[in-house]
Amino acid sequence: MPEVEILVRHLRPLLRGKTIRRVSVRRERATRPTPPREFEKALAGSKFKGLTRRGKYLLFELLGARRRSEPAVLTMLGHLGMTGRMFVALKKEKLLPHAAVVFNLGDRNFIYEDQRYLGRMTLDLSPLNELGPEPSDFSPETFAAALKQSRQAIKIKLLDQSLIAGVGNIYASEALFRARLSPRLAADELTPAQSKTLLRAIGDVLNDAIKFGSTVGLKTMSGKSGGLFYFDDGGEGYYEERLRVYDREGKPCLRCGTRIERITQGARSTYFCPHCQRVR
Ligand SMILES: [Zn+2]
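Here's what I pulled together on the structure shown here.

## Quick look at the packing of aromatic side chains
To describe a pair of aromatic rings, one takes the distance between the centres and the angle between the planes.
Argument step 1. Tallied over the entire structure, the rule returns eight aromatic pairs.
Argument step 2. Look at Phe-48 and Phe-103: their rings are 6.4 Å apart centre to centre, the planes differ by 70°, and that puts the pair in the edge-to-face class. With Phe-48 in strand β2 (residues 47–54) and Phe-103 in strand β6 (residues 99–104), the pair connects residues that are 55 residues apart, well separated along the chain.
Argument step 3. Residue Phe-103 is classed as buried on the basis of its relative accessible area, which comes to 0%.
Argument step 4. Judged by centre distance (5.0 Å) and plane angle (70°), the rings of Tyr-246 and Tyr-271 are edge-to-face.

## As for the sheet that holds strand β5 (residues 84–90)
Argument step 1. What the four strands build is an open sheet, ordered β1-β6-β7-β5; its pairing is antiparallel. For this open sheet the edge positions go to β1 (22–25) and β5, each flanked by a neighbour on one side alone. Shown here is a sheet whose adjacent strand axes are inclined to one another by a mean of 15°, direction ignored.
Argument step 2. Strands in contact with helix α1 (residues 2–15) are β5 and β7 (108–114); relative to β5, the strand with the most contacts, it is inclined by about 30°.
Argument step 3. Lying over the sheet, helix α2 (residues 36–43) contacts β1 and β6, oriented at roughly 165° with respect to β1.

So, how was this worked out
- Residues numbered from 1 in each chain as written.
- Predicted model: local features only at pLDDT ≥ 70, side-chain atom pairs only at ≥ 80, totals over all residues.
- Heavy atoms only, no water.
- Phe/Tyr/Trp six-rings, centres within 6.5 Å; stacked < 30°, edge-to-face > 60°.
- Helix = DSSP H or I, 4+ residues; strand = E, 2+ residues; numbered from the N terminus.
- Buried < 20%, exposed > 50% of the residue type's maximum accessible area, 1.4 Å probe, protein only.
- Pairing = 2+ DSSP bridges.
- Axes fitted to C-alpha atoms, helices over the stretch in contact; angles between N-to-C directions.
- Contact = heavy atoms within 4.5 Å.

Next up, the structure:
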């Protein structure tokens, strides 16, 4: 989620007020389930109005060009998947081989590029219906009540986007470390005080990542790439010093010196300190 929030803040001023002259879908899968031709037709001539984030999705708000007298508001949903990037580039620049959707904005292109095509740019908004609240929209009471509904391990539950939106694998481990909670604890076993501490830890972890990432996570390339703005998620590099437990297997806990352990939960790695995060 922090990566997406940073991208949203970066793109918002670059896109606001820009009219899409032409849309070119270069990879059929990129707009699924919206048919590519329908996608191109609906968006050509529309103007970028707003950009927000919900969970890991980017929500582009556009004023449609269909009927001039009553402009229709369109919402386009973007998702980066694992390898997606979205950036604005000068039109004269050569398109990258994995450019999936290209929005012609005049002298610039807004480009969604994806090497593995797990992300998308679509008019289908149904994924939003399955999202739980944002961490900042939970009260400690509603969060505690939501956790009471599940016996799954808390670490696995935090990745459930229908419970809470936008907490990824790295941040789930980090939040549990900060809250000193075992990742194996069943969600319904958390006391009200523990779930309150955890909710605060989630907020802190995400806010730190946004704050830190927003200063260094964006790269502006110039020179030979000629003004290509892009978002570099550089997961390993940028957040590394900020991460207290993730990817630190065998290294000493920053709090107590015990070796950090790695376990697999729901096919994802979890890192934790067996001393600070004992099951109590
Ligand atoms: Zn420790």
